[in-house]
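Spelled out from the first residue to the last, the chains are:
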Amino acid sequence: MSIQNLINGPLGISLILTLGKLLPEKVGFALAEKAAEFLIKRPQIESVRATRANQWVVSGCTLRSEELDRQTTETIRQTARWLFDLYHNLDNREQILRKVTLSKKLTHYLDSRLGGKEGTIMVAPHLSNFDLGGRAIVLHGYDVQALSYPQPHGGYQWQNKLRRDIGMNITPMSVESMRSAKERLKNGGGVVTGLDRPLADSNYHPKFFGYPASLPTSYVRMALQTHSAVMVIACIGLPEENYHVECSDLIYMEADSDPVREIEMNAEKVLFEAEKFIRAYPTQWAMTYPVWPFALDAMPQ
């Protein structure tokens, strides 16, 4: 079993959850730093290699080996701290609302659009403490349906349960949940889903940072079918483990006679907006799966 599977499994989630709740912040953050150090010293670990490869592509494939090591180290270090911060404050509503602010632009869209005539699909890259950012949106009283990774197992089922415990309407992607999401959008509601976790055997490969990637595209078809707008939301890490959730302008899908081109063209419009956030905060992009498999061998060793 890989370390990544162990961490994401029930045992790993249980241990992290227990430690997160029991440990004081000073001790917890110190332990997170030690965990990051353990991973950084083992570059052969799948999640470390994937993080390094992803960072290389985001740099425009320009970072040299030592520079890439430093960037990867900082990414893993920050991710470990954010993971502890998430589990430490998992059910502390007051602390979440204190730590996470929503931009005026985002609240304007949410206040003016939810319950209106047009649906809104919010797609999020794995930036900073994105899960804590999602909790903050729900705790501010915004009713949205979250579509999570399909067919979750082990630790992912547990993570979804923890999200539901604070009132998040989270549904793994399935025929039924997609039907429910479309009905919500047709009634002017909001749907949130991920943007950048690669999918195996995808039929679509939109370009992301200049290279084709097997990324989720179901939100494109959903937006086209329901005439909904799409916007990218991004959780940005601030000093002392505080966070700010920003968003892009509204993005509207365009029809095309070629069904594959239609999906990929519109996905690229959305991914282009996500790229802006990731480029601005590259070490905050906590994607530990290889978005571009070719980069695992092509990056400087």
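Residues numbered from 1 in each chain as written. Predicted model: local features only at pLDDT ≥ 70, side-chain atom pairs only at ≥ 80, totals over all residues. Heavy atoms only, no water.

Quick look at helix α8 (residues 130–139) now. Of all ten residues making up α8, eight are buried, and the element is well covered by its neighbours. Just downstream of α8 lies Gly141, where phi reads positive at about 95°. (Buried < 20%, exposed > 50% of the residue type's maximum accessible area, 1.4 Å probe, protein only. Helix = DSSP H or I, 4+ residues; strand = E, 2+ residues; numbered from the N terminus.)

All right, on to the pattern of salt bridges then. Per the counting criterion, the structure on display carries 16 salt bridges. Measuring nitrogen to oxygen at the nearest pair gives 2.9 Å for the salt bridge that ties Asp69 to Arg52. Of this pair, Asp69 sits in helix α5 (residues 65–88) while Arg52 is found in helix α4 (residues 46–58), placing the two residues 17 residues apart along the sequence. The exposure class assigned to Arg52 is buried, which follows from its relative accessible area of 8%. Salt bridges sharing common partners tie together Glu33, Glu74, Arg77, Arg81 and Glu241. (Salt bridge = Lys/Arg side-chain N within 4 Å of Asp/Glu carboxyl O.)

Further remarks concern the side chain of Ser177. With respect to the element layout, Ser177 can be found in helix α10 (residues 175–186). Judged by relative accessible area, which is 6%, Ser177 ranks as buried. In contact with Ser177, other than residues within four places in its own chain, are Gln145, Leu147, Thr171 and Pro172. (Contact = heavy atoms within 4.5 Å.)

Right, let's talk about the packing of aromatic side chains for a bit. For the structure shown, the criterion picks out seven aromatic pairs. Seen from their ring centres, Phe208 and Trp292 are 5.6 Å apart, and the 25° between their planes marks the pair as stacked. In this pair, Phe208 sits in strand β6 (residues 207–208) while Trp292 sits in the loop between α12 (259–280) and α13 (295–298), placing the two residues 84 residues apart along the sequence. Taking relative accessible area as the criterion, Phe208 reaches 0% and is therefore assigned buried. Taken together, the ring pairs in this structure connect Phe208, Phe209, Trp285 and Trp292 into an aromatic cluster. Seen from the ring of Phe29, Arg81 lies directly overhead, with NZ or CZ sitting 4.3 Å from the centre. In this structure, Arg197 is placed above the aromatic ring of Tyr289, and the distance from its NZ or CZ to the ring centre is 4.2 Å. (Phe/Tyr/Trp six-rings, centres within 6.5 Å; stacked < 30°, edge-to-face > 60°. Lys NZ or Arg CZ within 6 Å of the ring centre and 35° of its normal.)

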